[in-house]
Amino acid sequence: MLKSVRKPITCKIRLLPKLHDTLELCNLIERCGVSAIAIHGRTTWERSTCKNHNASIATIAGLLSVPVIANGGSNEIFSHADLEKFRQATGSKHVMIGRAAITNPSIFRPDGLLDFDSVVATFLEYATRTDECVKTVKYVLQRMYKERNKLWLVFAISKPNDSLFGMEKRFEEIRNSVVKRPLADKYHSTDKVHTLEVPFIRYSMLKYMQVIIIETSVADSKFMSTVDVGGFKFKSGCWASKRRYAEQAAALVAIFYFRLHKMLPQICLTVIPWEDFETTAVSLRPECTCSGCLEYG
């Protein structure tokens, strides 16, 4: 791996039950040529409520030549100053945090934490501007409030809507200022492959038709697949994070091409602005009077 990439490679581990075994593992990893080792100060059997073994991390850090990144201190990190305290307690070069950063991302500010409500408002504003997935926004909000022991709001967030946070007016301003991308303009077709920039939807498209996976391209850990449906070839112009996502996106292009999108569940129709495709769909294929097209297209 070190020979095939130009960027530094790091490795993250948890403590083993015996400190000696953990040190042997770290020495082995170090000999592989990594640039740093991140160590979570608990074993795989210990949960986040257990105390982090800072002294064990410090012992290992003192015996390695590569930098150590200490992890697992969310129960003792509540401010920017606590980051330095944790680093010194573990004898590490750097600190890695997860839950403490989700609770309030402004923990990285040397000048102190921002008001939590303002942090939530800023997060929601960015999520709205970037049209972030509702499920992702909901998950982050639930984690933020759960870590603050506001469980009542965790269960109240069925959907991170505007009214729940009193930001209706601001969100409306953002929505009006963001111009929806005309996806239909992104369509292009060659003699061999029909391509459309549609994102992957977390819903199985392959069950709607017989699809043959022709090929999948890989670049920078992203995937783009080409599928065959009834002798026609399709692919999405959007790269996907997983191979099966790329295959689903390509099948979605075929569904659009054959004007079968009205067969999809309502959730799919709300995620993809199909109305932007209607004029393109008409020009793609001649009108057909078969029962399938009359019913769905």
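One can find the structure itself at the top, above this paragraph.
Just so it is clear, the structure is predicted and the values come from calculations on it, not from any experiment. (Residues numbered from 1 in each chain as written. Predicted model: local features only at pLDDT ≥ 70, side-chain atom pairs only at ≥ 80, totals over all residues. Heavy atoms only, no water.)

Side note on the pairing of strand E1 (residues 10-14)
Part 1: As judged from the five bridges shared by E1 and strand E2 (residues 36-40), these two strands associate in the parallel manner. Within E2, the position partnered with Thr10 by the bridge is Ala36.
Part 2: Running through helix H1 (residues 19-31), the crossover from E1 to the neighbouring parallel element E2 is right-handed. (Pairing = 2+ DSSP bridges. Helix = DSSP H or I, 4+ residues; strand = E, 2+ residues; numbered from the N terminus. Right-handed = clockwise from strand over helix to strand, strands pointing away.)

Points about the state of the cysteines
Part 1: Evaluation of the coordinates by the stated rule reveals zero disulfides.
Part 2: Here Cys11 stays free of any disulfide, with the sulfur of Cys26 as its closest cysteine sulfur at 8.2 Å.
Part 3: Its relative accessible area of 0% is what places Cys26 among the buried residues. (Disulfide = S-S within 2.5 Å. Buried < 20%, exposed > 50% of the residue type's maximum accessible area, 1.4 Å probe, protein only.)

Here's the deal with the environment of Glu132
Part 1: Looking at the secondary structure, you find Glu132 in the loop between helix H5 (116-129) and helix H6 (134-147).
Part 2: On the basis of relative accessible area, Glu132 is assigned to the partly exposed category, the value being 40%.

A word on the sheet that holds E1
Part 1: The parallel open sheet is built from four strands, whose spatial order is E1-E2-E3-E4. A single partner strand is all that each edge strand has here, and the edge strands are E1 and strand E4 (94-96). Strand-to-strand twist in this sheet, taken as the mean axis angle between neighbours without regard to direction, amounts to 25°.
Part 2: As defined by bridge partners, E2 adjoins strand E3 (residues 68-71) across four bridges and the pair is classed as parallel. Bridge pairing in E3 links His40 to Asn71. (Axes fitted to C-alpha atoms, helices over the stretch in contact; angles between N-to-C directions.)

Let's talk about the nonpolar core
Part 1: Counting 22 residues, the largest nonpolar core has Cys26, Ile37, Ile39, Ile60, Leu64, Ile77 and Ile97 as the members making the most contacts within it.
Part 2: Mapped onto this core, the elements with two or more residues apiece are H1, E2, helix H2 (54-61), E3, helix H3 (80-90) and helix H4 (99-103).
Part 3: Dropping the residues within four chain positions of it, Ile39 is found in contact with Ile13, Leu15, Cys26, Ile57, Ile60, Val68, Ile69, Ala70 and Asn71.
Part 4: Judged by nonpolar contacts, the second largest core, of ten residues, contains Val229, Ala254, Phe256 and Phe258. (Core = buried A, V, L, I, M, F, W, Y, C linked by side-chain atoms within 4.5 Å. Contact = heavy atoms within 4.5 Å.)

Focus: the packing of H1 against H2
Part 1: For the pair H1 and H2, interaxial distance at closest approach is 10 Å and the crossing angle is 40°. Classified by the interaxial angle, the pair formed by H1 and H2 is oblique. For the crossing formed where H1 meets H2, the hand is right-handed. From H1, Leu19, Thr22, Leu23 and Cys26 reach across to H2, where they touch Ser56, Thr59 and Ile60.
Part 2: When its residues are assigned to classes, the contact of H1 with H2 shows four nonpolar, three polar and no charged. (Parallel < 35°, antiparallel > 145°, perpendicular 65-115°, else oblique. Left-handed = near helix turned anticlockwise from the far one by under 90°. Nonpolar A, V, L, I, M, F, W, Y, C, P; charged D, E, K, R; others polar.)

As far as function goes, none of this settles anything; it's purely spatial.
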